[in-house]
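Spelled out, the chains give:
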Amino acid sequence: MSDVLTQLGDILEQRKEATAEKSYVASLHAKGLNKILEKIGEEATETIIAAKDAESTGDTQDLVYETADLWFHTLVALSHLGVRPEAVVNELASRFAMSGLEEKASRTEQK
């Protein structure tokens with residue numbers, strides 16, 4: 001799975017250099033972080049609705065599609081801020097050594 005994220009990270013970096021007329025990602029970067037964050041908000045809402053629909057219908061196809069959109073736009077935001085997808089994968093991997101409750105407590109203690 002991380003190979004896909006690495007490849008996508010590479011593509012997102014390349015698209016930063018493209019013209020906004022030829023690349024959706026470049027157009028998002030040109031519009032700035034606020035536009036990218038707006039797209040994340042839209043996709044998060046669509047993901048929530050799809051999850052609620054999936055619970056009642058049992059059909060998860062839209063949920064998977066909307067989650068992919070949400071992840072994609074989140075990766076665009078990370079790229080915009082100079083963060084590679086591997087940083088998130090590494091953070092998730094570091095959490096395997098502790099329970100979710102321990103991890104949450106460690107964040108509270110660090111603040």
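Bear in mind the structure is a predicted one, so any value in this text is a computation, not a measurement.

Draft legend 1. Structural context of the environment of K39. Within the secondary structure, K39 is located in helix α3 (residues 33-57). Taking C-alpha positions, K39 is 9.3 Å from D69, a pair spaced 30 residues apart along the chain. Excluding residues within four positions of it along the chain, K39 makes contact with Y24, L28 and H73.

Draft legend 2. Quick look at the nonpolar core. L5, L12, V25, L28, I36, I40, L70, L75, V76 and A77 together form the largest nonpolar core, which totals ten residues. For this core, the secondary-structure elements that each account for two or more residues are α1 (2-16), α2 (24-31), α3 and α4 (61-80). When residues of this core are assigned to their parent elements, the largest contribution, four residues, is made by α4.

Draft legend 3. Local environment of the pattern of salt bridges. Counted according to the given criterion, the structure contains eight salt bridges. Between R84 and D10 there is a salt bridge whose closest N-O contact spans 2.9 Å. Of this pair, R84 sits in the loop between α4 and α5 (85-94) while D10 sits in helix α1, and the two are 74 residues apart along the sequence. Exposure remark for R84: the relative accessible area of 27% places this residue in the partly exposed category.

Draft legend 4. The side chain of E43, seen in detail. You can see E43 is positioned in helix α3. Excluding residues within four positions of it along the chain, E43 makes contact with E66, D69, L70 and H73.

Cut-offs applied
Residues numbered from 1 in each chain as written. Predicted model: local features only at pLDDT ≥ 70, side-chain atom pairs only at ≥ 80, totals over all residues. Heavy atoms only, no water. Helix = DSSP H or I, 4+ residues; strand = E, 2+ residues; numbered from the N terminus. Contact = heavy atoms within 4.5 Å. Core = buried A, V, L, I, M, F, W, Y, C linked by side-chain atoms within 4.5 Å. Buried < 20%, exposed > 50% of the residue type's maximum accessible area, 1.4 Å probe, protein only. Salt bridge = Lys/Arg side-chain N within 4 Å of Asp/Glu carboxyl O.

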